Amino acid sequence: MINIEKIRADFPILNEQVYGHKLVYLDNAATTQKPKPVVESIVNGYYHKNANVHRGVHWLSQEATEAHEAARETVRKFINAEKTSEIIFTRGTTESLNIVAATFGELLSEGDEIIVSQMEHHSNIVPWQLVCEKKGARLVMLPIDNNGEISLETLKELINEKTRLVSIAHASNTLATVNPVKEVISIAHENGIPVMIDGAQSVPHFKVDVQELDADFLAFSGHKIYGPTGIGVLYGKEKWLDKLPPYQAGGEMIDKVTFEKTTFNVLPYKFEAGTPDFIGSTSLAAALDYMTAIGMDNVEEHERELVEYATKKLNEIEGMRIYGNAKKRSGLVSFLVSDIHPYDMGTILDKLGIAVRTGHHCAQPTMDFFGIEGTVRASFGIYNTKEEIDILVNGIARAKKLFHK
Ligand code: PMP
């Protein structure tokens, strides 16, 4: 059980008024709000611990370095990686995916194949497309069915001697599907193929253990787990990170530079060129500590209750079509009502203070599969309540009336 009043009190933004209504924030899959300890960490970081990390002999630089490296340890523990050297700080999921696509891509040859699923976010499609084009490799799509699920049998059929990597979302940002990534990894590994997990929509919502999954790479974003924007994580198994060439080049990632030859720094610094966002990393750690204190099992249970309640209530609305009906689902609902355009629905809900997302959610191939332009998406977080879902349901009823549906 979570103490919802206590949690809500940590998020001052939830008291904002929108067009005279109390804000009902149901856009957590896009970004989450920030609790006081995270904002305080940013402020205190700049007020008391601001100095460039790693290179300074002076006290403040050492303080900043210690905080930054302690944050790496917090991340390691949070996803249960074996070593801190396997934790790379990035700008977010997109950058993490691009790092792997670009560097793993360098190992590809003509005719090689990369498998991604049909429900992926564009950031887990386009980087692979670019690298496949460059290398003459082929991007292979693992299809979804009408429930928004993949088939492990189809995956087995798609894997062949040319397959080099599988990259798949742990949880879909449009359909709420929680993919059986452990099974995907096990099938891929039986064939000697590494797997990249897009954890943008899983790490914030339930316990993710990279060793238990045996994931080779995992990406997630700080801003979707109540942390700051502009900071994220790439986890990679040491054996893979050691094999990959550097991504960006510059300071921090080198060992020794001469005009004849440069040697590279050890992991994880090999992949962290330039001054890292050390205020971001320490404040992400504050967010992860906040989540750990609540308990990820409690987070999962709370959001499951919300999504079950929302699904039941929404299904009572005439003309409701929910997209994504997987057996295992995360805390969001994508829907359309009658023939009301998602933008119209979103605009009316907004006027009632309800923040939902409308559109293709950066997953146009998923929309194409269902033959729609977009959906309305309500996505839940730790501070949401059943009362807020009631407000959403009433808002949808108001919109229906307005459009005579
Ligand atoms: N993958 C998924 C499944 C997502 O939901 C998102 C964000 N909507 C991303 C990747 C990209 O995350 P970011 O914009 O934080 O890099």
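Residues numbered from 1 in each chain as written. Predicted model: local features only at pLDDT ≥ 70, side-chain atom pairs only at ≥ 80, totals over all residues. Heavy atoms only, no water.

**Considering a nonpolar patch on the surface**
Logical step 1: Residues Val39, Val43 and Tyr47 make up a contiguous nonpolar surface patch of roughly 300 Å² in combined accessible area.
Logical step 2: Within the secondary structure layout, Val39 lies in helix H2 (residues 36–48).
Logical step 3: Judged by relative accessible area, which is 40%, Val39 ranks as partly exposed. (Patch = residues over 30% accessible without salt bridge, like charges linked within 9 Å, V, L, I, M, F, W, Y side chains within 5 Å. Areas by Shrake-Rupley, 256 points an atom, 1.4 Å probe, with all protein chains shown as cover. Salt bridge = Lys/Arg side-chain N within 4 Å of Asp/Glu carboxyl O. Helix = DSSP H or I, 4+ residues; strand = E, 2+ residues; numbered from the N terminus. Buried < 20%, exposed > 50% of the residue type's maximum accessible area, 1.4 Å probe, protein only.)

**A closer look at helix H14 (residues 386–402)**
Logical step 1: Helix length check: H14, at 17 residues, gives a terminal C-alpha distance of 24 Å against a target of 24 Å (1.5 Å per residue), a fit within 8%.
Logical step 2: Considered for burial, the residues of H14 that qualify are Glu388, Ile389, Leu392, Val393, Gly395, Ile396, Ala399 and Lys400. Angularly, the buried residues of H14 cover 160 degrees about the axis, an arc narrow enough to put them on a single face. Those residues of H14 that are exposed and aimed more than 90 degrees away from the buried face are Glu387, Asn394, Arg398, Lys401 and Leu402.
Logical step 3: Phi for His404, located one or two positions after H14, is positive at around 55 degrees. (Expected span 1.5 Å × (residues − 1). Arc of directions from axis to C-beta.)

**With respect to the environment of Ala285**
Logical step 1: Structurally, the position occupied by Ala285 is in helix H10 (residues 278–294).
Logical step 2: According to the relative accessible area criterion, Ala285 is buried, its value standing at 7%.
Logical step 3: For the pair Ala285 and Ser41, spaced 244 residues apart in the sequence, the C-alpha separation amounts to 9.2 Å.
Logical step 4: In contact with Ala285, other than residues within four places in its own chain, are Ala71 and Thr74. (Contact = heavy atoms within 4.5 Å.)

**Regarding the site of the ligand**
Logical step 1: With respect to spatial proximity, the complete set of residues near the ligand consists of Thr93, Thr94, His121, Ser123, Asn173, Asp198, Ala200, Gln201, Ser221, His223 and Lys224.
Logical step 2: For the ligand, a nitrogen atom lies 3.3 Å from a polar atom in the side chain of His121.
Logical step 3: Here an oxygen atom of the ligand and a side-chain polar atom of His223 are 2.7 Å apart.
Logical step 4: In the complex, 85% of the free accessible area of the ligand, which totals 400 Å², lies under the protein chains.
Logical step 5: The residue inventory of the shell around the ligand, partitioned by class, reads 1 nonpolar, 8 polar and 2 charged. (Near = heavy atom within 4 Å. Polar contact = N/O pair within 3.5 Å; in protein donor to acceptor, adjacent residues only side chain to side chain. Nonpolar A, V, L, I, M, F, W, Y, C, P; charged D, E, K, R; others polar.)

**With respect to helix H7 (residues 181–190)**
Logical step 1: Listed as buried for H7 are Val181, Val184, Ile185, Ile187 and Ala188. The arc that holds the buried residues of H7, viewed along the axis, is 165 degrees, so those residues lie on one side.
Logical step 2: At its buried positions, H7 is contacted by helix H6 (152–158), strand S7 (163–169), strand S8 (195–198) and helix H8 (210–213).
Logical step 3: Looking one or two residues beyond H7, the residue adopting positive phi is Gly192, at roughly 75 degrees.

**Notes on the pairing of strand S6 (residues 138–142)**
Logical step 1: Strand direction decides the pairing type here: strand S5 (residues 113–117) and S6, joined by 5 bridges, are parallel. Pairing of Ser117 across the sheet is with Leu142, part of S6.
Logical step 2: Handedness of the S5-helix H5 (residues 126–135)-S6 crossover: right-handed. (Pairing = 2+ DSSP bridges. Right-handed = clockwise from strand over helix to strand, strands pointing away.)

**Remarks on the sheet that holds S5**
Logical step 1: Read across the sheet, 7 strands follow the order S4-S10-S9-S8-S7-S5-S6 without closing on themselves; strand pairing throughout is mixed. If you trace the sheet from one side to the other, it starts and ends with strand S4 (87–90) and S6, each paired once. Each adjacent strand pair in this sheet contributes to an overall mean axis angle of 20 degrees, direction not counted.
Logical step 2: Two elements, S4 and strand S10 (residues 232–236), share 4 bridges in a ladder whose sense is antiparallel. When the sheet's bridge partners are listed, Ile87 is paired in S10 with Tyr235.
Logical step 3: Seen against the sheet, H5 touches S5, S6 and S7 and runs at an angle of roughly 145 degrees to S6. (Axes fitted to C-alpha atoms, helices over the stretch in contact; angles between N-to-C directions.)

**A closer look at the domain arrangement of the protein chain**
Many authors give the size of an interface as the accessible area that is lost as the parts come together.
Logical step 1: Its domain assignment divides the protein chain into domain 1 (4–30 + 295–403) and domain 2 (39–293).
Logical step 2: Listed as interface residues are 35 residues of domain 1 and, on the opposing side, 33 residues of domain 2.
Logical step 3: Counting each side, the surface lost to burial between domain 1 and domain 2 is near 2900 Å², with a carbon and sulfur contribution of 56%.
Logical step 4: It is Met296, Cys362 and Phe369 that lose the most area in domain 1 upon contact with domain 2, and together they represent 21% of the buried surface on that side.
Logical step 5: Inspection of the domain 1/domain 2 interface yields 1 salt bridge.
Logical step 6: Between Glu149 and Lys327 there is a salt bridge, with the nearest N and O atoms lying 3.2 Å from each other. (Domains from an automatic or database assignment. Buried area = accessible area lost by both parts, 1.4 Å probe.)

**Thoughts on the pattern of salt bridges**
Logical step 1: Within the structure shown, the criterion is met by 22 salt bridges.
Logical step 2: The partner of Arg377 in a salt bridge is Asp27, with the nearest N and O atoms 3.6 Å apart. In this pair, Arg377 is assigned in strand S17 (residues 375–379) and Asp27 in the loop between strand S3 (24–25) and H2, connecting sequence segments 350 residues apart. For the pair formed by Arg377 and Asp27, the shared burial category is buried.
Logical step 3: Among the charged side chains, a network of salt bridges with common partners joins Asp27, Arg357 and Arg377.

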